[in-house]
Amino acid sequence: MAESLPQEMLTYILSFLTLSDQKEASLVSRAWYCAAQNALRETNVQYNIPVSSASLPAIKSLGLRGVTCVSLTNLDDSPASHEVLECVAYHLGPHLQSLCLSGGSPSEAAFVALILGCPALRILDLSGCNSLFTSGMLLAQPETAQRVQQVLSGLCELNLAGLWDLTDLSFNRLSSCAPSLERLSLAYCHLTFELGPAWGSLGPQDSSPSQLSFHNLLRFVKERASRLHALDLSGTGLLPEALQALGQVAGLQLQELSLHGCQDLSTEAVAALCCLQSGLISLDLGGCSGLADGALVAISRGLGHLQRLSLRKLQRLTDAGCTALGGLQELQSLDLAECCLVSGWGLAQALGSGHRAPAPLASLSLAYCASLKDHLRAKLRRNLRSRSLFPQLHQELEHQASGPKEPPQPQGPSLLMLRALQELDLTACSKLTDASLAKVLRFPQLRQLSLSLLPALTDKGLVAVAKGCPSLEDLVLSHCSLLSDEGWAQAASSWPRLRHLNLSSCSQLTEQTLDTIGQACKQLRMLDVSMCPGISMAAIRHFQAQLPQVACIQSRFVGGADLTLTL
């Protein structure tokens, strides 16, 4: 019946699948293959193209398929790179919407020629391309700038992260060629601050040819306030006064703001931001070491529509602050990694507060929260009983010893009700045990899971996780030294969708585990068994004979050195 559906309808149906599922669906038939290719184009899947003469046939093939999103790696100013850029401009340029040159070193002339061949660009990533800005002459010729502006009239997103040679003049020239910008990244650029009463009142004639100044950025933001929705100033050393000045720009309604690593920011500055830019849906304050519990309270009170929040490496954040998370009713992604004072009870209290059910979290990171306690599951169940947070995910497994056996009934809302959870990182939460993992890790839709550096994880816990999380595609179990072949013999059959598996430094595993994985995990693409002394190179070669599509990583100490091989 599916074969008789119009291709447009098949494409629409397949667009709801994950990338790996779309690839599997493309193998069903010719019609499904074409529909899957259309779905991949519509989801802007990025194709990474190494810059070499060997890539020319692939570029031509991608051009015939109408690929719209590419990233060029190993780009330099060599003749081979020039040839590749010309090929990209000719075969991909007319329909290319997203182009990434991150870390490349193209010449200014080659870059301009490439851009002029890409009239449909909406996203341009020049992060780390310092060679374009070293001379300070990029787009200095008015005729060239005018031609580039005609091509980049529809550009919406520009990434200039990590450009230490970027100045006011070069920024103004490039940004003036993109009048439709909505998203801008200047992360880790060397931004200078000159405080004073004239801050933000200086004009283009005051632009510096030798530095990138905040007053010039502020002038740009004021000019583009009606369009600009996303700003990344991570690692720029943004001052509290500067953040307040940005927040006060008339007409500016930011939706996304990243300030990762801006260590001078204060709780007061964040509180002011939350009042001035209450429409934010994504906020990254990771590594802002001056922030503590008060900042999270201000976020909870002022940003009611926040969907993504990163507080990674806020080492002054405590469980008391985490209780404010209950006010973020639409939160979908939360990163509390490396918050060393967070033990879990505050998170449990937050999930049990409020009167409205929030959208379920899809991504949660508690990596390196060394204080996360084993009894978190009990607190979550107890504290959440007063509120139905998420759709019921599981039924309690414990039954009364006497009486008729009835279907197990839920014992109140809990972390187990995070039905939409797809990514979970519990790396180095060293106090977690098999018992806690067996109770909590039951997420049928979970795609990515990291249990690396859990010293208490044994085969029993592994088997429980396999049964509770059958849809895993990416699994990290490195440095779990208690896992053995026996555990994998029971767990592997539950993970037929696995694509990336990291078992590095699992010292008890042998080639028997490789055989088990080879028989059960046919979709595997990457396997890391480095520092596994029980797995030999011969065993890896035998494994790859079974699954030749798998890239295997193996390393061991040889003569005091770490020898790493990728096969």
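Since the structure is predicted, the reported quantities are computational estimates derived from the model, not experimental observations.

### Here we look at the overall build of the chain
Assigned secondary structure in the chain consists of 20 helices and 21 strands. Considering the chain as a whole, with its 567 residues, one finds that 50% of them fall into the buried category. Restricting the contact set of the chain to residue pairs at least 6 apart, pairs at least 24 apart contribute 76%. For the chain, the computed accessible surface area is about 24500 Å², with 53% contributed by carbon and sulfur atoms.

### Concerning the packing of aromatic side chains
One pass over the structure, following the stated rule, counts three aromatic pairs. Judged by centre distance (5.2 Å) and plane angle (75°), the ring pair of F171 and F220 falls under edge-to-face. Remark: F220 occurs in helix α9 (residues 214–223) and F171 occurs in helix α8 (residues 168–176); sequence separation between them is 49 residues.

### Overview of the pairing of strand β2 (residues 69–73)
Of all five residues that make up β2, four are buried, and the element is covered over most of its length. Direction of pairing for strand β1 (residues 47–50) relative to β2: parallel, over a ladder of four bridges. When the bridges of β2 are listed, I49 appears paired with L72. Remark: the β1/helix α4 (residues 56–64)/β2 crossover connection has right-handed handedness. Across three bridges, the pairing between β2 and strand β3 (residues 98–100) is parallel. Within β3, the residue paired with C69 across the bridge is S98.

### Concerning a nonpolar patch on the surface
Nonpolar side chains collect at one region of the surface, where M9, Y12, I13 and F16 lie side by side and expose about 460 Å² of accessible area between them. Examined against the element boundaries, Y12 turns out to sit in helix α1 (residues 7–14). The class of Y12 is exposed, set by a relative accessible area of 55%.

### Describing the state of the cysteines
Scanning the model with the defined rule gives zero disulfides in all. C532 takes part in no disulfide bond, and the closest cysteine sulfur to it belongs to C506, at a distance of 5.5 Å. The exposure class of C532 is buried, given its relative accessible area of 1%.

Quick notes on the rules
Residues numbered from 1 in each chain as written. Predicted model: local features only at pLDDT ≥ 70, side-chain atom pairs only at ≥ 80, totals over all residues. Heavy atoms only, no water. Helix = DSSP H or I, 4+ residues; strand = E, 2+ residues; numbered from the N terminus. Buried < 20%, exposed > 50% of the residue type's maximum accessible area, 1.4 Å probe, protein only. Contact = heavy atoms within 4.5 Å. Areas by Shrake-Rupley, 256 points an atom, 1.4 Å probe, with all protein chains shown as cover. Phe/Tyr/Trp six-rings, centres within 6.5 Å; stacked < 30°, edge-to-face > 60°. Pairing = 2+ DSSP bridges. Right-handed = clockwise from strand over helix to strand, strands pointing away. Patch = residues over 30% accessible without salt bridge, like charges linked within 9 Å, V, L, I, M, F, W, Y side chains within 5 Å. Salt bridge = Lys/Arg side-chain N within 4 Å of Asp/Glu carboxyl O. Disulfide = S-S within 2.5 Å.

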